Amino acid sequence: MCELVRPPAFTSIRFYSVNAEKHPLKLVAELRKLTEVSITKARKALAASNNDPLAALEWLKNDLVASGAKKAANVAHRTAGEGLVGASILSHGTGGGGRCHGRVRAALVELNCETDFVARDALFGRLVADVAHTAADDDGLRQSYVHPVPREQLLDAPLLSAQGSSVGGPGNGLGTVGRAIRDAIAEVGENIMLQRAVSVVHDPIPRAHADLGLCVASYTHGGVEHAQSGRIGALALIALNSPRLTPLLSTLDFREELERVERSLARQIVGFDTSAIRGSAEGALYDQPFMMFGGALEGETVGAASARWARKKLLVVDTDGADRGGLEVLEFVKWTVGESSDAA
């Protein structure tokens, strides 16, 4: 009989006798369950490690780094015109989910691959979600609300899982965004590249300015695996201003309505040829018919409908015959897969 051992750090790995002839299939199955490698690769790892599962995992990790780097170099010249735009909101800001004047932290990234087949693959979708999550975990405050994240900085950052844990290669070792991309290249055999990324970071509104609020909304369209990724996506930063803001945010009805109008504005930006917030340009958001909200506001321009919604929800206050307060889109960024990064 072989001895069964379950060390605390590797509770999911079963140690068998090193007799290669006795349990090769079980060892191969265990290794494939943990790493999802091929049968051939699992056998090679076990052969190189004398059927020691721990050593086999380490061999696979090193092999993945080497093969990933080699494959990345081999395919780097190939055009990557497909992919996904991914959004992540870590801190919604004012009002969302019961929060009041909270911090804003969000990001939008574009990850490219060569074919639509890979863009629709679950592995690629998870990678996009993780990279967006990592970009949103940005502690550096900037002068502007929406700011570019330098590509090399993000590639060197430890990858954070959108599911809430650090991720990496075989053995779940911590890896960087760049390492995760190289691992994915080794897995799918296509060129994958981080095209661009932006993040939104803003501290909570101080108590002294309780009549002001900031919130961020996102919308993506054309995705398959993940709700927050698609062929087109947008982030919108929205400002609220009202002497009644704090008591309004204390009510569930107002917060739910606020989330609805935020998401509708983000959908509007994605659904129309939106290139500006105001102005004479044809793509000005506030001049478009507000088709993404529905109900009594449908058909009005975004500007008029937003103003009427703010009055109806008592954000606007009449002070000495003049209206004070309201809701306003401050900034937005909208991307489509494959367009020039200069359009960001």
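Here we summarise the structure given alongside this text. (Residues numbered from 1 in each chain as written. Predicted model: local features only at pLDDT ≥ 70, side-chain atom pairs only at ≥ 80, totals over all residues. Heavy atoms only, no water.)

**So, the overall build of the protein chain**
Helix and strand counts for the protein chain stand at ten helices and ten strands. Of the roughly 16,800 Å² that the protein chain leaves accessible, carbon and sulfur atoms contribute 52%. (Helix = DSSP H or I, 4+ residues; strand = E, 2+ residues; numbered from the N terminus. Areas by Shrake-Rupley, 256 points an atom, 1.4 Å probe, with all protein chains shown as cover.)

**Digging into the packing of aromatic side chains**
Per the stated rule, a full pass over the model turns up two aromatic pairs. Plain terms: the ring middles of Phe254 and Trp309 are 6.0 Å apart, the flat faces sit at 35 degrees to each other, and that makes the pair tilted. With Phe254 in helix α9 (residues 252-271) and Trp309 in helix α10 (residues 302-312), this residue pair connects regions lying 55 residues apart in the sequence. The ring of Phe293 is capped by Arg260, whose NZ or CZ atom sits 4.1 Å from the centre of that ring. (Phe/Tyr/Trp six-rings, centres within 6.5 Å; stacked < 30°, edge-to-face > 60°. Lys NZ or Arg CZ within 6 Å of the ring centre and 35° of its normal.)

**Structural notes on the side chain of Lys313**
Take Lys313: it is sitting in the loop between α10 and β8 (317-319). Residue classification places Lys313 among the buried positions, given a relative accessible area of 17%. For Lys313, the residues in contact, after removing those within four places along its chain, are Leu248, Asp253, Phe254 and Glu257. (Buried < 20%, exposed > 50% of the residue type's maximum accessible area, 1.4 Å probe, protein only. Contact = heavy atoms within 4.5 Å.)

**Points about the pairing of strand β4 (residues 193-202)**
Of all ten residues in β4, eight are buried, a share of seventy percent or more. As paired strands, strand β3 (residues 146-148) and β4 are joined by three bridges and run antiparallel to one another. Opposite Pro148, over in β4, you have Val198 as the bridge partner. (Pairing = 2+ DSSP bridges.)

**Overview of the nonpolar core**
Of all hydrophobic cores here, the largest spans 32 residues; its most connected members are Leu258, Trp309, Leu315 and Leu327. Elements with a minimum of two residues in this core: β5 (212-221), β7 (232-241), α8 (245-249), α9, α10 and β10 (326-336). The biggest single contributor to this core is α9, with seven residues. Those residues within four positions of Leu315 in sequence are excluded, and the remaining contacts are Leu240, Asn241, Ser242, Leu245, Leu248, Phe254, Trp309, Ala310, Arg324, Gly325 and Gly326. One finds Val118, Ala119, Leu194 and Ala197 within the second-largest nonpolar core, a separate group that totals 26 residues. (Core = buried A, V, L, I, M, F, W, Y, C linked by side-chain atoms within 4.5 Å.)

**Things to note about the packing of α9 against α10**
The geometry of α9 relative to α10 is characterised by a closest axis approach of 12 Å and an angle of 175 degrees between their N-to-C directions. Considered as vectors, α9 and α10 are oriented roughly antiparallel to each other. In this structure, α9 contributes Phe254, Glu257, Leu258, Val261, Leu265 and Gln268 to the contact, and α10 contributes Val302, Ser306 and Trp309. Its residues assigned to classes, the contact of α9 with α10 shows six nonpolar, two polar and one charged. (Axes fitted to C-alpha atoms, helices over the stretch in contact; angles between N-to-C directions. Parallel < 35°, antiparallel > 145°, perpendicular 65-115°, else oblique. Nonpolar A, V, L, I, M, F, W, Y, C, P; charged D, E, K, R; others polar.)

**Here's the deal with α9**
End to end, α9 covers 28 Å across 20 residues, agreeing with the expected 28 Å (1.5 Å per residue, within 8%). If you check which residues of α9 are buried, you get Phe254, Arg255, Glu257, Leu258, Val261, Glu262, Ser264, Leu265, Ala266, Gln268, Ile269 and Val270. Looking at the packing, one finds that the buried side of α9 touches β1 (82-94), β5, β7, α8, α10 and β10. (Expected span 1.5 Å × (residues − 1).)

**Re the pattern of salt bridges**
Per the stated rule, a full pass over the model turns up eleven salt bridges. Linking Arg196 and Glu110 is a salt bridge whose minimum nitrogen-to-oxygen distance equals 2.7 Å. Here the residue Arg196 occupies a position in strand β4, and Glu110 occupies one in strand β2 (residues 101-113), the gap between them amounting to 86 residues. For the pair formed by Arg196 and Glu110, the shared burial category is buried. Between Glu257 and Arg260 there is a salt bridge, with the nearest N and O atoms lying 4.0 Å from each other. Pair noted here: Glu257 and Arg260 are both in helix α9, with a separation of three residues, about one helical turn. A network of salt bridges, in which partner residues are shared, links Glu110, Arg196 and Glu339. (Salt bridge = Lys/Arg side-chain N within 4 Å of Asp/Glu carboxyl O.)

**Remarks on α10**
The complete set of buried residues in α10 reads Val302, Gly303, Ala305, Ser306, Trp309 and Ala310. Phi turns positive, to about 70 degrees, at Leu314, one or two residues after α10.

**Remarks on the packing of helix α5 (residues 122-136) against helix α7 (residues 177-188)**
How two helices sit against one another is set out by the angle between their axes and by the gap between those axes. Two elements in contact, α5 and α7, have axes separated by 11 Å at closest approach and are oriented at 175 degrees. Comparing their axes, α7 and α5 come out roughly antiparallel. Along its contact with α5, which presents Leu123, Leu127, Val131 and Thr134, the element α7 presents Val177, Ala180, Ile181, Ala184, Glu187 and Val188. In terms of residue class, the contact of α5 with α7 is built from eight nonpolar, one polar and one charged.

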